[in-house]
Amino acid sequence: MLKIDMHSHILPKTMPNWTKKFGYGNFIHLEANQDGSANMMQGGQFFRRIAENCWDEKIRIQEYQQFETQVQVVCTIPVMFSYWAQTKDAVELSRFLNDHIAELVSRFPKNYIGLATVPMQDTEAAILELERAKAIGHVGIQIGSNINDENLSEDKFYPFFEACAKLDMAIMIHPWQMMGFESMKKYWLPWLVGMPAETSRAACSLIFGGVLERLPNLRVCFSHAGGSFLPTLGRIEHGFNKRPDLVAIDNQNNPRNYVGKFWVDCITHDIEALKYIINMQGSRKVCLGSDYPFPLGDLEIGKFIEESDLSIEIKEDIFCNATLEWLALEKTTFQ
Ligand SMILES: [Zn+2]
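Report on the accompanying structure. Just so you know, these numbers come straight off a predicted model, no measurement behind them.

### What about the overall build of the protein?
Logical step 1: Per the secondary structure count, the protein includes twelve helices and eleven strands.
Logical step 2: Computed over its C-alpha atoms, the radius of gyration of the protein comes to 19 Å, within 12% of the 20 Å expected for a compact globule of 335 residues.
Logical step 3: Its C-alpha atoms give the protein principal-axis dimensions of about 55 × 45 × 45 Å.
Logical step 4: Taking all 335 residues of the protein together, the buried fraction comes to 43%.
Logical step 5: Long-range contacts, defined here as pairs at least 24 residues apart, represent 69% of the contacts in the protein between residues at least 6 apart.

The structure is reproduced here in structure tokens:
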């Protein structure tokens, strides 16, 4: 069975020290270690240690073979977004990352699919890079759950979503710059509590702001099974019904109407939670995702689904059909 992991992260093995080059900020650069790993440095501060499977395409393919997964959708690591930077610098950084992924995809077209990053701090520049990314082979883009703490429902982002719909570019929404980060650093809470809330923030913003209503052809996928959006939909809908004066000010449609019109990945680490998500979304709107190569990801690439009692049809939807439809790709491309 064809298996496509639609949520994995990759970096180039080397990149400039952007902080030095641009002369400000805390951009990410890599410092190689003796053992083959590298340290991601944020400005001068240690951010995260990464291993060769973060950049070595052949090691990645081998690791995926262990879980009979042939194809990886790759995108950058959200900390690379750099939406806080000056536009011209964010454009240069985005182009660098997008060119790296495009080149990888062109060498391994049966193993890799690319999602680009765009400088969302400047809608016009983001649209230009979106167009360029499509021209060099990307089939979609990854953006953050907020843009410098502004919600995706802000009017200024709408032309960008319109351009994605027009250019037929899929969108993956990934949590980043988690709300409450400063006040809950202990216990890894930004990742455990903040990330699911961020993804729900993005879903609620796109729904209540009317973006999904106005652009029904926009193909959006929310990370980590939609975060807390689907599990708390009852509360969200109840809020919509009871306080329309607060909630239904830009879109009169019940938020539940949008369930099953977007995609989510399957990263729940819990088969019962996944079954609940499949019941809501339908299996053609739940994609195999892993968050490889990071420790909070499902590094057995859907083994918990393989071992479950879900039907073959549902498994096939999750393992490939949902992602092929989200990205508007043909199965034959990968066989
Ligand atoms: Zn991720």
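### A word on the sheet that holds strand β4 (residues 45-50)
In any sheet, the strands associate via hydrogen bonds between backbone groups, in a parallel or an antiparallel arrangement.
Logical step 1: Strand order in this open sheet of three strands is β2-β3-β4, and the pairing throughout is antiparallel. This sheet does not close on itself; its edge strands, each paired only once, are β2 (28-32) and β4. In this sheet, neighbouring strand axes are inclined to one another by 30° on average, regardless of whether the strands run parallel or antiparallel.
Logical step 2: In terms of strand pairing, strand β3 (residues 38-42) meets β4 through five bridges, oriented antiparallel. If you follow N39 over to β4, its bridge partner there is R49.

### Remarks on the pairing of strand β7 (residues 140-144)
Every other side chain in a regular strand lies on the same face of the sheet, so the side chains alternate between the two faces.
Logical step 1: Among the five residues of β7, four are classified as buried, and the element is accordingly described as predominantly covered.
Logical step 2: In terms of strand pairing, strand β6 (residues 112-116) meets β7 through two bridges, oriented parallel. Bridging from a neighbouring strand, L115 pairs with G140 of β7.
Logical step 3: Where β7 meets strand β8 (residues 170-174), five bridges bridge the pair, whose relative direction is parallel. In the sheet register, Q142 faces β8, and the bridge partner there is M172.
Logical step 4: After leaving β7, the chain enters helix α5 (residues 158-167) and then returns to the sheet as β8, a path that is right-handed.

### Quick word on the sheet that holds β6
Logical step 1: Taking strand neighbours across the sheet as the criterion, the eight strands line up as β1-β5-β6-β7-β8-β9-β10-β11 in an open arrangement whose pairing is parallel. Looking at strand neighbours, the two that pair on one side only are β1 (4-9) and β11 (286-287), the edges of this open sheet.
Logical step 2: In the packing of helix α3 (residues 87-107) onto the sheet, the strands contacted are β5 (71-75) and β6, and the crossing angle to β6 comes to about 160°.

### Some thoughts on unusual backbone geometry
Logical step 1: The omega angle of the peptide bond from Y292 to P293 is 5°, so this bond is cis rather than trans.
Logical step 2: Within the secondary structure, P293 sits in the loop between β11 and α11 (303-306).
Logical step 3: One non-glycine residue, Y187, lies in positive phi territory at about 65°.
Logical step 4: Secondary-structure assignment places Y187 in the loop between β8 and α6 (189-208).
Logical step 5: At H224, a residue that is not glycine, the phi angle is positive and equals roughly 50°.
Logical step 6: Looking at where H224 falls in the secondary structure, it is placed in the loop between β9 (220-222) and α8 (233-242).

### Quick word on the pairing of β8
Logical step 1: Most of β8 sits out of view: five of its five residues are buried.
Logical step 2: Across the two faces of β8 the burial is the same, with A170, M172 and H174 and I171 and I173 all buried.

### Some words on the nonpolar core
Logical step 1: Residues I141, I171, V220, C221, F222, C266 and C287 are the most contacted members of the largest nonpolar core, which totals 84 residues.
Logical step 2: Discounting chain neighbours no more than four positions away, the residues touching I171 are G140, I141, I143, C164, L218, R219 and V220.

### Considering the packing of helix α4 (residues 123-135) against α5
Logical step 1: Viewed as axis vectors pointing N to C, α4 and α5 meet at an angle of 15°, and their least axial separation amounts to 9 Å. On the basis of their axis angle, the class for α4 and α5 is roughly parallel. Once α4 is placed against α5, the crossing between them reads as right-handed. Of the residues in α5, those in contact with T123, A126, I127, L130, E131 and K134 of α4 are P159, F160, A163, C164 and L167.

### Re α3
Side chains that are three or four residues apart share a direction in an α-helix, a result of its 3.6 residues per turn.
Logical step 1: With 21 residues, α3 extends 30 Å between its outermost C-alpha atoms, agreeing within 8% with the 30 Å of an ideal straight helix rising 1.5 Å per residue.
Logical step 2: Turning to α3, its buried residues are A90, V91, L93, S94, L97, N98, I101 and L104. Seen from one end, α3 has its buried residues packed into an arc of 165°, which puts them on one side. Seen from the buried face of α3, the exposed residues on the opposite side, beyond 90 degrees, are K88, S106 and R107.
Logical step 3: Buried-residue contacts for α3 involve α1 (18-22), α2 (57-65), β5, β6 and α4.

Rules and cut-offs
- Residues numbered from 1 in each chain as written.
- Predicted model: local features only at pLDDT ≥ 70, side-chain atom pairs only at ≥ 80, totals over all residues.
- Helix = DSSP H or I, 4+ residues; strand = E, 2+ residues; numbered from the N terminus.
- Rg over C-alpha atoms; globule rule 2.2 N^0.38 Å.
- Buried ≥ 20, exposed ≤ 12 C-beta atoms within 10 Å, placed from the backbone.
- Contact = placed C-beta atoms within 7 Å.
- Pairing = 2+ DSSP bridges.
- Axes fitted to C-alpha atoms, helices over the stretch in contact; angles between N-to-C directions.
- Right-handed = clockwise from strand over helix to strand, strands pointing away.
- Core = buried A, V, L, I, M, F, W, Y, C linked by C-beta atoms within 7 Å.
- Parallel < 35°, antiparallel > 145°, perpendicular 65-115°, else oblique.
- Left-handed = near helix turned anticlockwise from the far one by under 90°.
- Expected span 1.5 Å × (residues − 1).
- Arc of directions from axis to C-beta.

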